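Examining the three-dimensional arrangement
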Amino acid sequence: MSFFKKLKNRLTRSSDKLGDGLDAIVEDSVAEAEATPDVDDGPGLVSRVLGRGTPGAPKRELDDEMLEQLEELLISADMGVDTALRVTANMAEGRFGKKLSTQEIKDLLAEEVARVMEPVARPMPLYAKKPQVVLVVGVNGAGKTTTIGKLASQFRAAGKSVVIAAGDTFRAAAVEQLQIWGERAGVPVLTAPEGSDPASLAFDAMVQAEADGADLLLIDTAGRLQNRQDLMEELSKIVRVIRKKDETAPHNTLLVLDATTGQNALNQVETFQKLADVTGLVMTKLDGTARGGVLVALADKFGLPIHAIGVGEQIDDLDAFDPEDFAKALTGAGDLS
Ligand SMILES: Nc1nc2c(ncn2[C@@H]2O[C@H](COP(=O)(O)OP(=O)(O)OP(=O)(O)O)[C@@H](O)[C@H]2O)c(=O)[nH]1
Ligand SMILES: [Mg+2]
């Protein structure tokens, strides 16, 4: 299955919501106009006239009212107010007063979304450094451990040797979960007893990964801590300790975000940027959420690279982020209907 089809299937709820909303924006206005025909210049009449060559494709004039409806629709899809306003303003530029069909509106919207997303669609950079240390952070339940399993599997398939450090030492279940992922991915998982210091495990993992000649060391961290102060101290201690071994580490700090949290993802980026030197994002749970628009807001606001997106719970449910496919899937522009 092509990436687009898969994403479209998985993003169904986002794209249905946006796509249906866009359909309604044109169709409602046309239905309204037809119910109260304006003999001079009603959109119903005009669309009937214009629609001669394209039966079944009603058009609507791009005016203030339509822009407002578009803004509302984008905000309801979690694009955030600032981004929704910017995207609709860009769409309207040079097109005010023009008649547009739903398909044309979807295409324009997809184009704008793709333009915002293009600069952030970058895979996780790989360096010559051995081991390249990847610290994975994020709130409780965001999908850190799952993403590490998926990443380990992908890097391994690409011929890299990978080691995972189970840095969430607070829960025995967290270590077990990571061990299962390690088995699936065929990657060793370094663990420490429950309750032991994650920073010292990270250091031991550095030593081990170096001795093994590993290309990549993926370090999992705990999402659930008493408070932000604890989380900050924990993360900065891990960084401090691994820098004793390699002062350039960590080489990547991935922030994992759960798409279903919607606008809250923006707050999480702000918080984690204060706690750690976030170098890139992974957005999980894009399958089955109607909140995919938050990615556009994130890209627009922070410009951090989006390395990958999670589209399911299985090991191969992590995809590279493709801005055009994403934009089409989100807006329903790729629909043939
Ligand atoms: N549908 C879907 N579920 C996902 C995705 N990524 C992770 N999950 C699920 O989200 C839940 C939490 O994932 P974890 O990987 O345990 O999250 P975590 O960030 O490690 O959580 P803590 O260790 O508690 O901080 C699990 O049930 C995963 O299967 C995704 O892309 N799509
Ligand atoms: Mg975890």
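1. A word on the overall build of the protein chain
- Tallying secondary structure elements over the protein chain gives 13 helices and 10 strands in all.
- The long-range fraction of contacts in the protein chain, counting pairs at least 24 apart against all pairs at least 6 apart in sequence, stands at 80%.
- Carbon and sulfur atoms make up 49% of the accessible area of the protein chain, which amounts to about 15100 Å² in all.

2. Examining the confidence of the model for the protein chain
- When pLDDT is averaged along the protein chain, the result is 87; 85% of the residues meet or exceed 70.
- pLDDT under 50 marks residues 36–53. Its contacts with residues more than four places away, or in other chains, come to 16 contacts.

3. Details of the nonpolar core
- Residues V113, M117, L217, M283 and L295 are the most contacted members of the largest nonpolar core, which totals 75 residues.
- Looking at this core, the element that brings in the most residues is helix α6 (residues 102–117), giving 8 residues.
- Split by domain, the residues of this core number at least three in each of domain 1 (3–120) and domain 2 (132–331).
- Discounting chain neighbours no more than four positions away, the residues touching L295 are M117, M283, L286, I306, I309, F321 and F326.

4. Some words on the site of ligand 1
- In the vicinity of ligand 1, 20 residues are found, and the nearest of them are K144, T145, T146, D287 and E313.
- Within the backbone of G223, one N or O atom sits 3.5 Å away from an oxygen atom of ligand 1.
- About the coverage of ligand 1: the protein hides 82% of its 650 Å² of free accessible area.
- When atoms are counted within 2 Å of each cavity's grid points, the one that captures over half of ligand 1 is the largest pocket.
- In terms of residue class, the shell around ligand 1 is made up of 3 nonpolar, 10 polar and 7 charged.

5. A word on the layout of surface pockets
- Each pocket or cavity is described by its volume, and for the largest pocket that value is around 390 Å³.
- In this structure, the largest pocket is lined by 22 residues; those nearest its centre are G141, A142, G143, K144 and T146.
- Of the residues forming the lining of the largest pocket, the biggest block, 5 residues, is contributed by helix α7 (residues 144–157).
- Partitioned by chemical class, the residues of the lining of the largest pocket number 3 nonpolar, 11 polar and 8 charged.

6. With respect to the packing of helix α11 (residues 264–275) against helix α12 (residues 294–302)
- Two elements in contact, α11 and α12, have axes whose closest approach is 10 Å; the angle formed by their N-to-C orientations is 40°. Judged by the inter-axis angle, α11 sits oblique to α12. Viewed along their axes, α11 and α12 form a crossing whose handedness is right-handed. On α12, the residues that touch A265, L266, V269, E270 and Q273 of α11 are V294, A297, L298, K301 and F302.

7. Some thoughts on the environment of M232
- Assignment of secondary structure puts M232 in helix α10 (residues 228–245).
- Remark: the alpha-carbon pair of M232 and K274, spanning 42 residues in sequence, is separated by 8.6 Å.

8. Observations concerning α11
- Between its terminal C-alpha atoms α11 stretches 17 Å, which fits the 16 Å expected from 12 residues at 1.5 Å a residue.
- Looking only at α11, the buried set comprises A265, L266, Q268, V269, F272 and L275.
- Buried residues along α11 sit in contact with β3 (132–137), α10, β7 (252–258), β8 (280–284) and α12.

9. Notes on the pairing of strand β6 (residues 216–219)
- Neither face of β6 is exposed, since L216 and L218 on one face and L217 and I219 on the opposite face are all buried.
- Relative to β6, β3 is paired through 4 bridges, and the arrangement is parallel. Bridge pairing links L135 to I219 in β6.
- In terms of strand pairing, strand β4 (residues 162–165) meets β6 through 4 bridges, oriented parallel.

10. So, the pairing of β8
- With 5 of 5 residues buried, β8 lies mostly within the body of the structure.
- As judged from the 5 bridges shared by β7 and β8, these two strands associate in the parallel manner. Along β8, the bridge assignment pairs L255 with L281.
- In this fold, the crossover linking β7 to β8 by way of α11 has right-handed handedness.
- Sheet topology places β8 next to strand β9 (residues 306–310); 3 bridges connect them, and they run parallel. Bridge pairing in β9 links M283 to I309.
- Note that the unit made of β8, α12 and β9 has a crossover that is right-handed.

Reading guide: rules and limits
- Residues numbered from 1 in each chain as written.
- Chains lettered and ligands numbered in written order.
- Predicted model: local features only at pLDDT ≥ 70, side-chain atom pairs only at ≥ 80, totals over all residues.
- Heavy atoms only, no water.
- Helix = DSSP H or I, 4+ residues; strand = E, 2+ residues; numbered from the N terminus.
- Contact = heavy atoms within 4.5 Å.
- Areas by Shrake-Rupley, 256 points an atom, 1.4 Å probe, with all protein chains shown as cover.
- pLDDT = per-residue confidence, 0-100.
- Core = buried A, V, L, I, M, F, W, Y, C linked by side-chain atoms within 4.5 Å.
- Buried < 20%, exposed > 50% of the residue type's maximum accessible area, 1.4 Å probe, protein only.
- Domains from an automatic or database assignment.
- Near = heavy atom within 4 Å.
- Polar contact = N/O pair within 3.5 Å; in protein donor to acceptor, adjacent residues only side chain to side chain.
- 1 Å grid on protein atoms, 1.4 Å probe; cavity = no way out; pocket = protein on both sides within 12 Å on 5 of 7 lines; lining within 4 Å.
- Sits in = over half its atoms within 2 Å of the grid points.
- Nonpolar A, V, L, I, M, F, W, Y, C, P; charged D, E, K, R; others polar.
- Points joined across faces, edges and corners; volume = space filled by probe spheres on them.
- Axes fitted to C-alpha atoms, helices over the stretch in contact; angles between N-to-C directions.
- Parallel < 35°, antiparallel > 145°, perpendicular 65-115°, else oblique.
- Left-handed = near helix turned anticlockwise from the far one by under 90°.
- Expected span 1.5 Å × (residues − 1).
- Pairing = 2+ DSSP bridges.
- Right-handed = clockwise from strand over helix to strand, strands pointing away.

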